[in-house]
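# Topology and contacts: notes
Residues per chain, in single letters:
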Protein chains: 2
Amino acid sequence: MVELYTHKIDTVFHALSDATRRHMLRELTRGERTVGQLAEPHAMSLAAASKHIKVLEGAGLVRREIQGRIHLCRLDPGPLATAHEWLSFYEHFWTTRLDALEHLLKQDDARKADQNAKMPPSKPGNDT
Amino acid sequence: MVELYTHKIDTVFHALSDATRRHMLRELTRGERTVGQLAEPHAMSLAAASKHIKVLEGAGLVRREIQGRIHLCRLDPGPLATAHEWLSFYEHFWTTRLDALEHLLKQDDARKADQNAKMPPSKPGNDT
DNA sequence: TACACATTCAACCACATGGTTGAATTATAC
DNA sequence: GTATAATTCAACCATGTGGTTGAATGTGTA
């Protein structure tokens, strides 16, 4: 169970770590695409593109419907939601880090204001 | 610029695609850790763990402060925020997919309700 | 100074990845 | 039924990845 989940998130993040595959995902947000259509914008052989699509499929990000000789691919955003959720665990850390940065900037402002207090002030009152 | 961004998100997703590295990140949410401390829970050599930490560093996920002979690592959640943001683009797709699922379930409920209408009903009124 | 400690470096290995090419498979079209 | 189109398969190649071991580096300590 946990094994399965671990395996899945491994494959999802790995699938996302390649620009070609990310581009294909973007393309699939615009609708269903055949293998050929997905391959077309990329300067590589069809076989190579086919492998990329298989990686996306393996990560559960793409579903394929075979209609005769063409393979229709569509986006399955589920694993993206999983990855998004996984990252959300860390949301607290980057927001508090931004808070800390903001705090430092305020300190800096206060320091500047303090320096200005020793000089003839030009504009008052924004040191809250 | 875009190159840089692309390279970065590549390395971030790649860094996240390994369970050992994800575990190290989790550990770092609990506070600063030395290389040895990060390596300890994992059944591998220090050199191997050191390489993992370098991958995290390369993705900008970990910062290192060298204090004498020990290297203190801390989490830098910034790139996680970037990845989270990247995934958010697709949020619409998984939520509308859930909406569609919900819609299907409602249809199913309606179908069942319709079937039940042909039978003596037992419990009324939850088909909104 | 000599030793122990924390970490990296370098060389190596097995296997995965991302690409190629040419042949095979399968379905449509003439 | 034969050619053509869409896709995969198989073999191959260069490079990357994740691991090992043993030596090297640099820092604290007796």
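Higher on the page you've got the structure.
Now for a look at the structure at hand. (Residues numbered from 1 in each chain as written. Chains lettered and ligands numbered in written order. Predicted model: local features only at pLDDT ≥ 70, side-chain atom pairs only at ≥ 80, totals over all residues. Heavy atoms only, no water.)

### Thoughts on the sheet that holds strand β1 (residues 33–34) of chain B
Through backbone hydrogen bonds, the strands of a sheet pair up, either in parallel or in antiparallel fashion. All names here are of chain B. Read from one edge of the open sheet, three strands run β1-β3-β2, paired in antiparallel fashion. The open sheet has two edge strands with one neighbour each: β1 and β2 (62–67). Here β2 runs beside strand β3 (residues 70–75); their pairing, made up of six bridges, is antiparallel. Considered in β3, the bridge of Val 62 is made with Leu 75. Helix α4 (residues 46–58) rests against β2 and β3 of the sheet, and its axis sits at about 120° to β2. (Pairing = 2+ DSSP bridges. Helix = DSSP H or I, 4+ residues; strand = E, 2+ residues; numbered from the N terminus. Contact = heavy atoms within 4.5 Å. Axes fitted to C-alpha atoms, helices over the stretch in contact; angles between N-to-C directions.)

### Section: the sheet that holds strand β2 (residues 62–67) of chain A
Residues and elements named next belong to chain A. The strand order across the open sheet formed by three strands is β1-β3-β2, and the pairing between neighbours is antiparallel. Only two strands of the sheet have a single partner each, and these edge strands are β1 (33–34) and β2. Contacts between helix α2 (residues 19–28) and the sheet are confined to β1, β2 and β3 (70–75), with β3 contributing the most and set at about 90° to the helix. Running over the sheet, helix α4 (residues 46–58) touches β2 and β3 and is turned about 120° from β2.

### Notes on the relation of the copies chain B and chain A
Screw-axis analysis of chain B against chain A gives a translation of 0.0 Å along the axis, an RMSD of 0.0 Å, and a rotation angle of 180°. What the superposition gives is, in effect, a two-fold axis relating one chain to the other. A share of 100% of the interface residues of chain B reappears at the interface of chain A, consistent with the copies meeting face to face through the same patch. (Least-squares fit on C-alpha atoms with pLDDT ≥ 70 in both.)

### Observations concerning the protein's contact with DNA strand D
Close to DNA strand D lie 23 residues, the nearest being Gly36(A), Ser50(A), Arg64(A), Lys51(B) and His52(B). Expressed as a percentage, the sugar and phosphate content of the atoms of DNA strand D within 4 Å of the protein is 69%. Backbone polar atom of Ser45(B) to a phosphate oxygen of DNA strand D: 2.8 Å apart, as the coordinates give it. In terms of residues, the surface near DNA strand D owes the most to one element, α4(A), which gives five residues. (Near = heavy atom within 4 Å. Polar contact = N/O pair within 3.5 Å; in protein donor to acceptor, adjacent residues only side chain to side chain.)

### Observations concerning the interface of chain B and chain A
Contacts between the two partners involve 30 residues from chain B, matched on the other side by 30 residues from chain A. Of the roughly 2800 Å² buried where chain B meets chain A, counting both sides, 71% is carbon and sulfur surface. Residues Asp10(A) and Arg22(B) are paired through a salt bridge, measuring 2.7 Å at the closest nitrogen-oxygen approach. One can count seven residue pairs in polar contact (both at pLDDT 80 or more) joining chain B with chain A. Where the side of chain B that touches chain A is concerned, the elements lending two or more residues are α1 (2–16), α2 (19–28), α5 (78–88) and α6 (91–118) of chain B. With eight residues, α5(B) is the single largest residue contributor to the side of chain B that touches chain A. Split by residue class, the side of chain B that touches chain A holds 16 nonpolar, seven polar and seven charged. (Buried area = accessible area lost by both parts, 1.4 Å probe. Salt bridge = Lys/Arg side-chain N within 4 Å of Asp/Glu carboxyl O. Nonpolar A, V, L, I, M, F, W, Y, C, P; charged D, E, K, R; others polar.)

### Some words on the environment of Phe13(A)
Take Phe13(A): it is sitting in helix α1 (residues 2–16). Relative accessible area serves as the criterion here: at 0%, Phe13(A) is assigned to the buried category. Taking the C-alpha atoms as reference points, Phe13(A) and Ala59(A), separated by 46 residues in sequence, lie 8.5 Å from one another. Not counting chain neighbours up to four residues away, the residues in contact with Phe13(A) comprise Ala83(A), Trp86(A), Phe13(B), Leu16(B), Ser17(B) and Arg22(B). (Buried < 20%, exposed > 50% of the residue type's maximum accessible area, 1.4 Å probe, protein only.)

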